[in-house]
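Here is how the chains run, residue by residue.
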Amino acid sequence: MAKSDTKQLLINYSSTDLSMAAETNENHLLIIEDDQGRKEFSLEQPVYSIGRDRECNIRLMSQFVSRRHATLVRLPREHNSQSYYYRIVDGDARGKPSSNGLMINGRKIPAHDLRNEDEIVFGPQVRAIYYLLRNTQRLGQTDSSEYDITLINPGMAEDLEDIGD
């Protein structure tokens, strides 16, 4: 994808109203590992900035990543208006690329439509794993075994031992 196409996509996308129904049975999760450890981000917003700048939505703690290293953009799936996916694009929302680019699943590429368990490397020891978690159960339907929980008081275990004597 050419830089100008990416820039135009981001500009057009961010200027529209992107409210999507929350009833989808999908959760988008990004797990970041950087110099300060591991952080989890539940993705719900239409656009995220990723980088070391304090203003970024997802802040990376490493001197090896750009201030505005990447942008995540939520896009609707063609076959289902209630479902969406995220595209990661190198650089900021204006199309300025990062210094070192993105490695996605071992390949250096400027943009990628994220799929479950994709690995994104921003720099040395700074990476992310994307998860698409799907709940196959419909809303309003429950399995009665979900609520079959037996709680045992620790004191009850001692009473049972006494009975066996």
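This text follows the structure it describes.
First, a word on scope: everything that follows refers to the structure included in this document. Keep in mind the model is a prediction, meaning the values are calculated, not measured. (Residues numbered from 1 in each chain as written. Predicted model: local features only at pLDDT ≥ 70, side-chain atom pairs only at ≥ 80, totals over all residues. Heavy atoms only, no water.)

### Describing the packing of aromatic side chains
Point 1. Following the criterion strictly, the structure yields two aromatic pairs and no others.
Point 2. Geometrically, the ring pair formed by Tyr48 and Tyr86 is tilted, given 6.3 Å between the ring centres and 55° between the ring planes. One end of the pair, Tyr48, is in strand β3 (residues 47-51); the other, Tyr86, is in strand β6 (residues 80-90), and 38 residues separate them in sequence. An identical accessibility class is assigned to Tyr48 and Tyr86; each is buried.
Point 3. Arranged with centres 5.9 Å apart and planes meeting at 80°, the rings of Tyr84 and Tyr86 form a pair that is edge-to-face. Taken individually, Tyr84 and Tyr86 each receive the classification buried, so the pair is uniform in this respect.
Point 4. Put simply, the rings of Tyr48, Tyr84 and Tyr86 pair up and form one aromatic cluster. (Phe/Tyr/Trp six-rings, centres within 6.5 Å; stacked < 30°, edge-to-face > 60°. Helix = DSSP H or I, 4+ residues; strand = E, 2+ residues; numbered from the N terminus. Buried < 20%, exposed > 50% of the residue type's maximum accessible area, 1.4 Å probe, protein only.)

### Some details on the environment of Arg87
Point 1. Structurally, Arg87 can be placed in strand β6.
Point 2. C-alpha of Arg87 to C-alpha of Leu75: the two residues are 12 residues apart in sequence and 7.3 Å apart in space.
Point 3. Within the structure, the side chain of Arg87 is placed 2.5 Å from the side chain of Asp113, a separation counted as a polar contact. (Polar contact = N/O pair within 3.5 Å; in protein donor to acceptor, adjacent residues only side chain to side chain.)

### Describing the sheet that holds strand β11 (residues 126-134)
Point 1. Ordered in space as β2-β1-β11-β10-β7-β8, the six strands form an open sheet in which the pairing is antiparallel. One side of each edge strand has no neighbouring strand; the edge strands of this open sheet are β2 (37-43) and β8 (107-108).
Point 2. Sheet topology note: the strand β10 (residues 119-123)/β11 ladder contains four bridges and is antiparallel. Paired with Glu119 across the bridge in β11 is Ile129. (Pairing = 2+ DSSP bridges.)

### Observations concerning the nonpolar core
Point 1. Of all hydrophobic cores here, the largest spans 24 residues; its most connected members are Leu30, Leu72, Ile88 and Phe122.
Point 2. Elements that contribute at least two residues to this core include exactly β1 (26-34), β2, β3, β5 (70-77), β6, β10 and β11.
Point 3. When residues of this core are assigned to their parent elements, the largest contribution, four residues, is made by β11.
Point 4. With near-sequence residues (within four places) excluded, Ile88 lies in contact with Ile50, Ala70, Thr71, Leu72, Leu102, Ile104, Pro110, Ala111, His112, Leu114, Ile120 and Phe122. (Core = buried A, V, L, I, M, F, W, Y, C linked by side-chain atoms within 4.5 Å. Contact = heavy atoms within 4.5 Å.)

### A few points about the pairing of β2
Point 1. In terms of strand pairing, β1 meets β2 through seven bridges, oriented antiparallel. The partner of Ile31 across the bridge, within β2, is Glu40.
Point 2. Following β1, the chain reverses through two residues before pairing antiparallel with β2.

### A look at unusual backbone geometry
Point 1. A positive phi is found at Asn105, a non-glycine position, where the angle reads about 50°.
Point 2. Considering the arrangement of structural elements, one finds Asn105 in the loop between β7 (103-104) and β8.
Point 3. Not every positive phi belongs to a glycine, and Glu117 is a case in point at roughly 70°.
Point 4. Turning to its location among the elements, Glu117 is positioned in the loop between β9 (111-113) and β10.
Point 5. Judged by its relative accessible area of 55%, Glu117 is exposed.

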